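Per-entry structural report
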Amino acid sequence: MPRSSFFRPFRLSAFLSLAAFQNLPAEPLSKKIDLDFFREISSRNLHGLATRSDGRLVAGPVLTELAGPAPADLLWCLAPAPENKWLIGTGPEGRIFEATLDPAKKSYATREFAKLDESHVFALARLPDGTVLAGTSPNGGLVLLREGKIVARVGLPVDSIFDLLVLPPSESGTQTSAPAAPHVLIATGNPARIYQVSPDIFAKSGVNPAKITDAKLLAEKGLSLFGEVRDRNIRRLARLADGRIVAGSSPKGNIYAFPPPAAVNPAANSPTILQENRDAEVTAFLPQPNGDLYATLVFTASTGDTRINSTPKPPKEPAIKDAPDTSALASLSSLSTAEKFSGRSTLVYFPAGGFPETLTSRNNAAFYQLARHAETLLLAGGEQGEILGYDLNSRLPLTFAGSTSAQLNALAPIPRAPGQFLLLRNNAPGLALLDFDATAERSAETRRFDLGTPATLGALRFTRLRELTASQLTLEIKTSFGSDEIEGWSPWTPLAADSADPAWRSPNLRGRYAKLRLKIPSAATANLELDKAELNFLPQNRRPTLQEFRLLAPNFAILPAPEPAPSVTTSLSQLISTGGKDDDSGPKHGKSSFLSSQVIPAPGTQVALWTILDPDGDNVTATFSIRREGQAAWIDLAVSSHEPYTQFETSHLTDGVYFTRLVATEAAPRAPADRLSVTFETDNLIVDHSPPVILEATATRTAERLTISVHGRDALSLLEGLEVTLNNGAHETVEQPADGIRDGREETFTLEVPLAKATGATNAEVILYDAAGNATTRRLAW
């Protein structure tokens, strides 16, 4: 056999790419998923519980959707009235309703308080003498009502009135000793101005249907300009403890501070900017007695007409409001066609004399209103009726029980009812009661979570239960093999508590997706806490797969590289990446050491390589066998091998075609009864010890060249080429057959040698070789 047949190149890269590492230690067959309740439970799936950003479940308020008629399509604002009554500003017909609450029956009743010749009532303020101020849109009308009757009306030179702020009597600018109604500040849009009105004077001005732009005429009716900013709208007003007035704008979202009204010089009432923003709307202020201020902002790059409380369109999802125009709001049916809100909202803290600090931020949610209960801030929002919170002591965000309505436009504490808050709902419209002192069964339900693969569920454990016993906790779970939220789910299955092990189990519950529901009796303490949960499961056992199989060119062998010594040190990154488990250096280094194995010539040796992967990470062994065509018996050449290859001698095998197969079988730690096996039919092996036959060989010399042509045939293997050695020392190799395609066991190879290179040569030795490395020789003379 010629020397060159051992060293003909083959694709070593293909061999290296086949390095499979069945010898790696398998990870534990069971898996676990951590349930972070803050992430996995939506606001609407909470009742009497709250989720905290550290992943825990804590006690929370009870939200009750009050039964009662929807007074209008759109409910914009709330104002308290005596005897457990509330005034509600609505749209699109400009009506004001009076709602009477009945907490015992969890209901309310409404009556029409007033009908204005306006489209929308965005702001209401009840004055100490019982009169009511209303701010409207889109004509910027300011209306004073007494016992439901219009006493005075003026059209300001603006499009909308967004907020009304009643000032203390000491800041109302009166110099007489007689008691007077407090002055009121008016926030307007397009342009962004603040007007001040004296209700006593305004009440005597009568009804003026037209807009008034002349400052003197406005002054005669008790109105004057308090200040203005360089934005389109002033959305919110609040009074700080030191008397300064803060204003929030849109669409920039800036927060301004004006001097106290008593010190105002209308000609030079320039505000300072507390915080500058972009593409935002200031939606709520909450000043504190110590001079601190909390503010909520909604950020979005979308246009202003995509917000629920803006004109001309009120879609379901909230966004930043630009200036309204003179067209009326679209019908409520357009709410269902709006795109999902893609902005974010933030809660910002302005300490007295300090710098602003962002306390929390939420994506895809809008913060509409702000209130405080003890050491917790409450945030009413949308688009999924969220009620959110912020714990001032732990400095952690909270999610409370949410409403079935899309938006909660208003949130106000109920007078003489500590811990109770009234919420104004939109889409669908109505009222809701949030009660921190209510006693009711507490419950929560997670979103659908994905186990990644069909699995058998195991134990559910909590990191810790605080102020709560296992006997007080009822757990249920349901599963599905499909991702649909509605169909295909199993019934709710109770999980049984294990008295000997703090865990809950349900035998033989299977699925890829799961939901968890928990219930806590009303008798449980309000200080209860449930830490994150951990659900263990056993994934479906899937069969190993053969990624690639290859037989190397014959007559080569592998010298496996030695395994390097394991490291005597451990780094922090290793501990973190392995979860603190011991690191087996052998399998980890097996990959690099195997790829560095040497490939050497070895006559009569055959190497088979394979890559077997198990989708579940099982250890896998391989049995490689061959069988000669026409025979029934298989010859096992590698049995239960953890290596990704085998090499064997073919010199004792009879020439012919051999079928090959590879049997992959799962190994420990998989239990024997659960181990899966799969048989792969792999490439045929040609065992060929016979050299090819030269059928015809000629050498022809002309005046220009020497032409050598060899025609040969092989019984089993493809012919690969021809080597020619002239007796003058010249050596040539031809691997391209005369027909241009090397694809047969019978081929003709032709070599043309320039006469200059053949000078002095009188004969040549030709060697015809096949793919198995066999060769035959003949000498030609001319």
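Below or above, wherever it landed, is the structure these notes cover. For every chain, the first residue of the written sequence is number 1, and numbering continues from 1 along that sequence. Reporting of local features is limited, given that this is a predicted model, to residues whose pLDDT is at least 70; pairs of side-chain atoms are given and counted only at 80 or more, and all residues count toward the totals for whole chains, interfaces and linings. Here the side-chain values reflect all heavy atoms present in the structure, with hydrogen atoms and water set aside.

1. Description of the packing of aromatic side chains
Side-chain rings of Phe, Tyr and Trp (the six-membered ring for Trp) are treated as a pair once their centres are within 6.5 Å; stacked means planes under 30 degrees apart, edge-to-face means over 60, and tilted covers the remaining angles. Throughout the structure, instances matching the rule amount to 11 aromatic pairs. Taking the centre distance of 6.2 Å and the plane angle of 75° together, the rings of Phe421 and Phe436 count as edge-to-face. Of this pair, Phe421 sits in strand β32 (residues 420-426) while Phe436 sits in the loop between β33 (430-435) and β34 (442-445); the two residues are 15 residues apart in sequence, bridging distant segments of the chain. When the ring of Phe549 is compared with that of Phe624, the centres are 5.9 Å apart and the planes differ by 25°; the resulting orientation is stacked. Residue Phe549 is found in strand β44 (residues 545-551), and its partner Phe624 is found in strand β48 (residues 620-628); the two are separated by 75 residues along the sequence. Since its relative accessible area comes to 11%, Phe549 is described here as buried. Burial here depends on accessible area, computed with a 1.4 Å probe over protein chains only, as a share of the maximum for the residue type. Under 20% is buried, over 50% is exposed, and the range in between is partly exposed. In this structure Phe624 comes out as buried when scored by relative accessible area, which is 0%. Site record: aromatic cluster; members linked through ring pairs are Phe549, Trp610, Phe624 and Phe648. We count a charge as sitting over a ring when the NZ of a lysine or the CZ of an arginine lies within 6 Å of the ring centre and within 35 degrees of the ring normal. Sitting above the plane of the Phe162 ring, Arg235 keeps its charged end 4.2 Å from the centroid. Against the face of Trp489 rests Lys515, its NZ or CZ located 5.0 Å from the ring centre. Counting from the N terminus, the helices are the DSSP runs of H or I reaching at least four residues and the strands are the DSSP runs of E reaching at least two.

2. Notes on the sheet that holds strand β25 (residues 344-350)
DSSP-based pairing: two strands are paired if at least 2 bridges between them are found. Here 4 strands make up an open sheet; going across it, the order is β23-β24-β25-β26 and the pairing antiparallel. Because the sheet does not close on itself, it has two edges, and the strands there are β23 (280-287) and β26 (357-363). Ignoring strand direction, the axes of neighbouring strands in this sheet form an average angle of 15°. Strand direction decides the pairing type here: strand β24 (residues 293-299) and β25, joined by 7 bridges, are antiparallel. By the bridge assignment for β25, Leu297 is matched with Thr346. To obtain each axis, a line is fitted to C-alpha atoms, and for helices this fit is confined to the stretch in contact; angles are then taken between N-to-C directions over 0 to 180 degrees.

3. Quick notes on the sheet that holds strand β8 (residues 95-102)
With antiparallel pairing, the 4 strands of this open sheet are ordered in space as β6-β7-β8-β9. Across the chains shown, the open sheet's two edge strands, defined by having one partner strand only, are β6 (74-81) and β9 (107-115). Pairwise comparison of adjacent strand axes, ignoring direction, gives a mean angle of 30° for this sheet.

4. Overview of the pairing of strand β11 (residues 132-137)
For β11, the tally of buried residues reaches 6 of 6 residues, placing the bulk of the element in the interior. The two faces of β11 match: Val132, Ala134 and Thr136 on one face and Leu133, Gly135 and Ser137 on the other face are all buried. Between strand β10 (residues 120-126) and β11, which pair antiparallel one after the other, the connecting turn spans 5 residues, and Gly130 there sits at a positive phi close to 95°. Examined bridge by bridge, β11 and strand β12 (residues 141-146) share 4 bridges and lie antiparallel to one another. Each residue of the ladder has a partner; that of Ala134, found in β12, is Val143. Where β11 hands over to β12, the hairpin turn is made up of 3 residues, of which Gly140 adopts a positive phi near 60°.

5. Details of unusual backbone geometry
The linkage connecting Asn190 with the following residue, Pro191, adopts the cis geometry, with an omega of 5°. Relative to the elements of secondary structure, Pro191 occurs in the loop between β15 (184-189) and β16 (193-197). In this chain, Ala668 is followed by Pro669 through a cis amide linkage whose omega measures 15°. Here Pro669 lies in the loop between β51 (656-666) and β52 (677-687). Positive phi outside glycine occurs at Glu147, with the angle close to 55°.

Just geometry here; none of it tells us what the structure is for.
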